[in-house]
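Examination of the molecular architecture
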Amino acid sequence: VTQNPRYLITVTGKKLTVTCSQNMNHEYMSWYRQDPGMGLRLIHYSVGEGTTAKGEVPDGYNVSRLKKQNFLLGLESAAPSQTSVYFCASSYSRGDQGGDNQPQHFGDGTRLSIL
Amino acid sequence: GEDVEQSLFLSVREGDSSVINCTYTDSSSTYLYWYKQEPGAGLQLLTYIFSNMDMKQDQRLTVLLNKKDKHLSLRIADTQTGDSAIYFCAEGPFSGGYNKLIFGAGTRLAVHP
């Protein structure tokens, strides 16, 4: 799972996009944010090409899954509260059929600072 | 609601065993996971256990699951300096929730000589 960019510094109000790519033919992709002293929190996820859904903390973010291998995270108007480390994850399984486990694979993270 | 709790810090001597504990609230998840995060890196899946199992052993790693108390632990035998990292407990997926994972805040393991 590859994320770009790995590091980004920008200012309040800017529009930005972080990309995530996987070449494992995974159906499920997701974006998390990681903040100090907290676990990863799910922002948005996708269960297949052309689908997106909200996670726990979706406000201020948008996503798109135009191609199966790519899942884009967008910030329309960056805010200091969105300073965080963002992780993309993917799995073959959508997780809604029970049974066989297909664990999620994580990217190396994108460290985003908004001044 | 779904919640996962872990202690934030653990310090052990090299060669000793480490035990990292985790409690969770939602017992409907299918699996419980342990992920390892080294500085500047993503999360690496260490091991996982099916929610109807009690124990899983994988080389130096032993996972114990107490479903009654909703308690999960990870034991690392013969802990090495290379085991120093943050360890995350997570549970999922949930019924009807696709492959959503709920994570604890992570336990920072420090291994000293």
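Refer to the structure presented above.
Remember, predicted model here, so these are calculated numbers, not experimental data. (Residues numbered from 1 in each chain as written. Chains lettered and ligands numbered in written order. Predicted model: local features only at pLDDT ≥ 70, side-chain atom pairs only at ≥ 80, totals over all residues. Heavy atoms only, no water.)

Taken together, the 27 residues of chain A in the interface contact 20 residues of chain B. Carbon and sulfur atoms make up 56% of the surface buried where chain A meets chain B, a total of about 1,900 Å² over both sides. Across the contact surface, chain A and chain B share zero salt bridges. Applying the counting criterion to the chain A and chain B interface returns three residue pairs in polar contact (both at pLDDT 80 or more). Every element with two or more residues in the side of chain A that touches chain B is listed here: β4 (28-34), β5 (40-46) and β9 (84-91) of chain A. (Contact = heavy atoms within 4.5 Å. Buried area = accessible area lost by both parts, 1.4 Å probe. Salt bridge = Lys/Arg side-chain N within 4 Å of Asp/Glu carboxyl O. Polar contact = N/O pair within 3.5 Å; in protein donor to acceptor, adjacent residues only side chain to side chain. Helix = DSSP H or I, 4+ residues; strand = E, 2+ residues; numbered from the N terminus.)

This next bit is on the pattern of salt bridges. Under the counting rule described, the total for this entry stands at eight salt bridges over all chains. Close ionic contact of Lys-68 of chain A with Glu-27 of chain A constitutes a salt bridge, the shortest N to O distance being 3.0 Å. You can see Lys-68 of chain A sitting in the loop between β7 (62-64) and β8 (70-75) and its partner Glu-27 of chain A sitting in the loop between β3 (16-21) and β4, a full 41 residues away along the chain. Two residues, Arg-60 of chain B and Asp-83 of chain B, come together in a salt bridge whose shortest N-O distance is 2.9 Å. Remark: Asp-83 of chain B occurs in the loop between β8 (71-76) and β9 (85-92) and Arg-60 of chain B occurs in the loop between β6 (55-58) and β7 (61-66); sequence separation between them is 23 residues. Connected via shared salt-bridge partners are Arg-33, Asp-35 and Arg-41 of chain A.

A word on unusual backbone geometry. Cis rather than trans, the peptide bond between Asn-4 of chain A and Pro-5 of chain A has omega equal to -5°. On the secondary structure map, Pro-5 of chain A appears in the loop between β1 (2-4) and β2 (7-10). Residues other than glycine seldom take positive phi values, yet Asn-25 of chain A does so here, at roughly 60°. For Asn-25 of chain A, the position within the fold is in the loop between β3 and β4. For Asn-25 of chain A, a relative accessible area of 46% translates into the label partly exposed. Positive phi values are uncommon outside glycine, yet Gln-59 of chain B reaches one of about 55°. Position of Gln-59 of chain B relative to the elements: it lies in the loop between β6 and β7. (Buried < 20%, exposed > 50% of the residue type's maximum accessible area, 1.4 Å probe, protein only.)

Moving on to the sheet that holds β3 of chain A. Residue and element names in this part refer to chain A. With antiparallel pairing, the four strands of this open sheet are ordered in space as β1-β3-β8-β7. Taken across any chain shown, the strands that pair with only one partner, and hence form the sheet edges, are β1 and β7. In this sheet, neighbouring strand axes are inclined to one another by 20° on average, regardless of whether the strands run parallel or antiparallel. Judged from the three bridges that link them, β1 and β3 form a sheet pairing that is antiparallel. Bridge pairing in β3 links Gln-3 to Cys-20. (Pairing = 2+ DSSP bridges. Axes fitted to C-alpha atoms, helices over the stretch in contact; angles between N-to-C directions.)

Remember, this is a structural readout, not a statement about activity or role.
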